[in-house]
Amino acid sequence: MKLLVAALDSELSAFPEELDGFDRLVTGAGKLPATYGLTRALDAKIYDEIVVVGTAGAIEPGLEATVHEVGSAFQHDVTDLDGVRGQHVSLPARVSTGRDGVLIATGDHFVEDAEVTAVIRPSGAALVDMETYAFIWVAEQFGVPIRVLRAVSDQAEDGALTDWREAVARCSVQLRDVIRSEYGV
């Protein structure tokens, strides 16, 4: 059995309520709800794989507005004791799905500001979101393979929240098409 995970119900709007071979989990937006929700789910049941679907803002110029596989994640909104951005005091700087894919910058606020995007861009991240780092970290703690698929909903700059609201249904359809194609369900 696999676990299909999303932060928000709207990211699963194109998915049927029941998906053969998958349980479904909606955690809530942000790193803490993601950590709590996935930890509770993995504490209750053993899964063969976690498949995360959802939206992300593009911060790499010209990145196609399609579904991207995530290979690794870091937290863009933390600093260590020496003030190094992206380094946490006690957590790893980066976590990995073990798959090829883009780097995503995770933080607890919705990025919709060109100045914030300009600060994150030099890290090499292609996308920005609010949960991926937490999902990957929790999966590592439980030793469960994880796959993260993010559909580009906006450009993570001025007007991004309006763009996200308009794009989330389109993104859900794109994600559903990938799951159907790659998992046969």
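Please refer to the structure higher up on the page.
Residues numbered from 1 in each chain as written. Predicted model: local features only at pLDDT ≥ 70, side-chain atom pairs only at ≥ 80, totals over all residues. Heavy atoms only, no water.

Asker: Whenever I open this one, the overall build of the protein confuses me. Can you help?
Answerer: Of regular secondary structure, the protein possesses four helices and eight strands. Listing every helix and strand of the protein by position from the N terminus yields β-β-α-β-β-β-β-α-β-α-β-α. Taken over the C-alpha trace, the protein has a radius of gyration of 15 Å; the compact-globule value for 185 residues is 16 Å, and the two agree within 12%. By its C-alpha atoms, the protein is 45 × 35 × 25 Å across when sized along the principal axes. The 185 residues of the protein split such that 50% are buried. Taking the contacts inside the protein whose residues are at least 6 apart along the sequence as the reference set, 71% of them involve residues at least 24 apart. When the accessible surface of the protein is summed, it comes to about 8,600 Å², and 50% of that surface belongs to carbon and sulfur atoms. (Helix = DSSP H or I, 4+ residues; strand = E, 2+ residues; numbered from the N terminus. Rg over C-alpha atoms; globule rule 2.2 N^0.38 Å. Buried < 20%, exposed > 50% of the residue type's maximum accessible area, 1.4 Å probe, protein only. Contact = heavy atoms within 4.5 Å. Areas by Shrake-Rupley, 256 points an atom, 1.4 Å probe, with all protein chains shown as cover.)

Asker: Is there a simple way to think about the pairing of strand β1 (residues 2-6) in this case?
Answerer: Counting buried positions over the five residues of β1 gives four, a clear majority of the element. Here five bridges tie β1 to strand β2 (residues 22-26), and the two strands are oriented parallel to one another. Its bridge partner being in β2, Ala 6 is matched across the sheet by Val 26. Direction of pairing for β1 relative to strand β3 (residues 49-58): parallel, over a ladder of four bridges. (Pairing = 2+ DSSP bridges.)

Asker: Can you help me understand helix α1 (residues 31-44) in this one?
Answerer: Counting along an α-helix, one turn takes 3.6 residues, and residues three or four places apart therefore face a common direction. The terminal C-alpha atoms of α1 lie 20 Å apart, and with 14 residues this matches the ideal 20 Å at 1.5 Å per residue to within 8%. Those residues of α1 that fall on the buried side of the exposure criterion are Lys 31, Ala 34, Gly 37, Leu 38, Ala 41 and Leu 42. One side of α1 holds all its buried residues, which, seen down the axis, span an arc of 140°. Exposed and facing more than 90 degrees away from the buried side of α1 are Leu 32, Tyr 36, Arg 40, Asp 43 and Ala 44. Buried residues in α1 make contact with β1, β2, β3, β4 (67-75), β6 (102-106) and α3 (132-142). (Expected span 1.5 Å × (residues − 1). Arc of directions from axis to C-beta.)

Asker: Which parts of the structure should I look at to understand the packing of α1 against α3?
Answerer: When two helices pack together, you describe them by how their axes are tilted relative to each other and by the distance separating the axes. Two elements in contact, α1 and α3, have axes separated by 9 Å at closest approach and are oriented at 30°. On the basis of the axis angle, α1 is roughly parallel to α3. As α1 runs across α3, the sense of the crossing is right-handed. Contact with α1, carried on its side by Lys 31, Ala 34, Thr 35, Leu 38, Thr 39, Leu 42 and Asp 43, involves Ala 134, Phe 135, Val 138, Ala 139 and Phe 142 of α3 and no other residues of that element. Partitioned by chemical class, the residues of the contact of α1 with α3 number eight nonpolar, two polar and two charged. (Axes fitted to C-alpha atoms, helices over the stretch in contact; angles between N-to-C directions. Parallel < 35°, antiparallel > 145°, perpendicular 65-115°, else oblique. Left-handed = near helix turned anticlockwise from the far one by under 90°. Nonpolar A, V, L, I, M, F, W, Y, C, P; charged D, E, K, R; others polar.)

Asker: I would appreciate a short explanation of the side chain of Arg 150 in the present structure.
Answerer: Note on placement: Arg 150 falls in strand β8 (residues 146-154). For Arg 150, a relative accessible area of 0% corresponds to the buried category.

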